[in-house]
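Overview (structure and organization)
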Amino acid sequence: QVQLVESGGGLVQPGGSLRLSCAASGSIFRTYAMGWYRQAPGKQRELVALITSGGSTSYKDSVKGRFTISSDNTKNTVDLQMNSLKPEDTAVYYCYADVSVVSAKGGYNSLNTWGQGTLVTVSS
């Protein structure tokens with residue numbers, strides 16, 4: 001019903017920058033929020049940044065001042081600009097969306113979904 005496709009991952013040196021992009025598609029009635037999670041090797045998945053349809057943003061403390069999330073509600077896309085990258089930022093980054101979709105039974109259903117992930121490696 002809903003697909004999220006990420007792009008922009010890759011290898012970057014410490015202090016460098018990278019921009020991740022994500023596009024949501026499918027039978028989306030409304031998007032309430034989009035964001036980015038990440039999972040580092042041997043670590044649990046964690047929320048990095050979130051933006052609501054109203055434009056309110058929130059960030060994990062360790063990325064504040066370095067990462068910026070933005071979205072286009074019309075296109076159902078979300079970006080994550082990552083600056084001053086550190087080795088500890090190395091992880092698979094997953095796009096996230098909180099949406100409602102048209103139900104086959106009529107009406108609408110709420111749905112949380114994640115993309116396939118894109119690898120970000122910060123290393124010298």
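See the structure shown above.
Computed from a predicted structure; not experimentally measured. (Residues numbered from 1 in each chain as written. Predicted model: local features only at pLDDT ≥ 70, side-chain atom pairs only at ≥ 80, totals over all residues. Heavy atoms only, no water.)

**Observations regarding the pairing of strand E10 (residues 108–114)**
Bridge count for strand E9 (residues 91–102) against E10 is seven bridges, and the pairing is antiparallel. Considered in E10, the bridge of Ser 100 is made with Ser 110. Here E9 hands over to E10 after five residues, with Gly 106 in that stretch at a positive phi of 100°. (Pairing = 2+ DSSP bridges. Helix = DSSP H or I, 4+ residues; strand = E, 2+ residues; numbered from the N terminus.)

**Some details on the packing of aromatic side chains**
Applying the stated criterion across every chain yields a total of four aromatic pairs. Taking 5.8 Å as the distance between ring centres and 65° as the angle between the ring planes, the aromatic pair formed by Tyr 37 and Trp 114 counts as edge-to-face. One end of the pair, Tyr 37, is in strand E4 (residues 28–39); the other, Trp 114, is in strand E10, with 77 residues separating them in the sequence. Taking relative accessible area as the criterion, Tyr 37 reaches 17% and is therefore assigned buried. Residue classification places Trp 114 among the partly exposed positions, given a relative accessible area of 32%. Among the aromatic residues, those joined into a cluster by ring pairs are Tyr 37, Tyr 96 and Trp 114. In this arrangement the basic side chain of Arg 45 is found over the ring face of Tyr 37, its NZ or CZ atom lying 5.2 Å from the centre. Taking NZ or CZ as reference, Arg 45 lies 4.4 Å from the ring centre of Trp 114, over its face. (Phe/Tyr/Trp six-rings, centres within 6.5 Å; stacked < 30°, edge-to-face > 60°. Buried < 20%, exposed > 50% of the residue type's maximum accessible area, 1.4 Å probe, protein only. Lys NZ or Arg CZ within 6 Å of the ring centre and 35° of its normal.)

**Looking at the nonpolar core**
Ranked by size, the top nonpolar core spans 28 residues in total, and within it Trp 36, Leu 80, Met 82 and Tyr 93 carry the most contacts. Only strand E1 (2–7), strand E3 (18–26), E4, strand E5 (46–52), strand E7 (67–72), strand E8 (77–82), E9 and strand E11 (118–122) provide two or more residues apiece to this core. At six residues, the largest contribution of residues to this core is made by E9. (Core = buried A, V, L, I, M, F, W, Y, C linked by side-chain atoms within 4.5 Å.)

**Some thoughts on a nonpolar patch on the surface**
A cluster of nonpolar residues, Phe 29, Val 102 and Tyr 108, forms a patch on the protein surface that exposes about 320 Å² of accessible area. By the element assignment, Tyr 108 lies in strand E10. Given the relative accessible area of 47%, Tyr 108 is considered partly exposed. (Patch = residues over 30% accessible without salt bridge, like charges linked within 9 Å, V, L, I, M, F, W, Y side chains within 5 Å. Areas by Shrake-Rupley, 256 points an atom, 1.4 Å probe, with all protein chains shown as cover. Salt bridge = Lys/Arg side-chain N within 4 Å of Asp/Glu carboxyl O.)

**What to know about the pattern of salt bridges**
In the structure shown here, the tally under the stated rule is six salt bridges. A salt bridge links Asp 89 to Arg 38, with the shortest nitrogen-to-oxygen separation between them at 3.1 Å. Of this pair, Asp 89 sits in the loop between E8 and E9 while Arg 38 is found in strand E4, placing the two residues 51 residues apart along the sequence. Pair check on accessibility: Asp 89 and Arg 38 agree, each one buried. The salt bridge involving Lys 64 is made with Asp 61; its shortest N-O contact spans 3.1 Å.

**Some remarks on the state of the cysteines**
A complete count under the given rule lists one disulfide for this structure. Sulfur-sulfur distance for the disulfide between Cys 22 and Cys 95 comes to 2.0 Å. Between Cys 22 and Cys 95, the disulfide has an S-S torsion of -85° and is therefore left-handed. A residue pair is termed long-range when its members are at least 10 positions apart, and Cys 22 in strand E3 and Cys 95 in strand E9 qualify at 73 residues. Look at Cys 22 and you get buried, because its relative accessible area is 2%. (Disulfide = S-S within 2.5 Å.)

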